[in-house]
Amino acid sequence: MKKKFAFTSLITFLIAMLVAVPVFAATGSTSFNLVAGGKQSLKQALQVNSSGSVTVSVNGLSNGSTIRVVVYNIISGNELSATFTQNNQSRTFTNLRTGEYNIRIENIDSSPVSGSIGFNWTGSWGKWIE
């Protein structure tokens, strides 16, 4: 009786593991120090799952500075962007198609700007971009 219960429990567990759809999320961050009109992209792609999302938050941005953060599909070139003018702002880009994406930070001010961005997404790290 105990062996049958253990075997049944093991089979149930294995089936549950096969049927369950795992959700993976990853996080990262990067600092930026951009001249007027300067741009910076991540060195590694974000592999985004189907109907995935990318959330970007800005930290350390000087008062009065303005940057644009662009999330773009490496293959299709499709872009989504958000403009940030304050510290501790965030934006989530949702319902993204499966694929590899990158994040580009653009200084749209006429003076240098520095800070950092944090980002997380549903997926994993993709290939290196260089």
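Residues numbered from 1 in each chain as written. Predicted model: local features only at pLDDT ≥ 70, side-chain atom pairs only at ≥ 80, totals over all residues. Heavy atoms only, no water.

Draft legend 1. The arrangement of the pairing of strand S5 (residues 67-73) in detail. Judged by how many residues are buried, S5 sits mostly within the fold: six of seven residues are covered. Judged from the six bridges that link them, S5 and strand S6 (residues 79-84) form a sheet pairing that is antiparallel. Looking at S6, one finds that Val 70 is bridged to Ser 81. Here S5 folds back onto S6, and the loop between the two strands holds five residues, one of which, Gly 77, carries a positive phi near 85°. Relative to strand S8 (residues 99-107), S5 runs antiparallel, the two being bridged by seven bridges. Bridge pairing links Tyr 72 to Asn 102 in S8. (Buried < 20%, exposed > 50% of the residue type's maximum accessible area, 1.4 Å probe, protein only. Helix = DSSP H or I, 4+ residues; strand = E, 2+ residues; numbered from the N terminus. Pairing = 2+ DSSP bridges.)

Draft legend 2. Just the environment of Arg 104, in detail. Along the chain, Arg 104 turns up in strand S8. Spatially, the C-alpha atom of Arg 104 lies 6.8 Å from that of Lys 39, the residues being 65 residues apart in sequence. Arg 104 has contacts with Lys 39, Gln 40, Ser 41, Arg 68, Val 69, Val 70, Tyr 72 and Glu 79, leaving out every residue within four places of it along the chain. A polar atom in the side chain of Arg 104 sits 3.0 Å from the side chain of Glu 79. Separated by 2.7 Å, the side chains of Arg 104 and Glu 106 make a polar contact. (Contact = heavy atoms within 4.5 Å. Polar contact = N/O pair within 3.5 Å; in protein donor to acceptor, adjacent residues only side chain to side chain.)

Draft legend 3. Layout of unusual backbone geometry. Notably, Ser 51 is not glycine yet its phi reads approximately 55°, a positive angle. Note on placement: Ser 51 falls in the loop between strand S3 (44-48) and strand S4 (52-59). Here Asn 88, not a glycine, exhibits a phi torsion of approximately 55°, which is positive. Among the structural elements, Asn 88 can be located in the loop between S6 and strand S7 (89-96). The class for Asn 88 is exposed, based on a relative accessible area of 62%.

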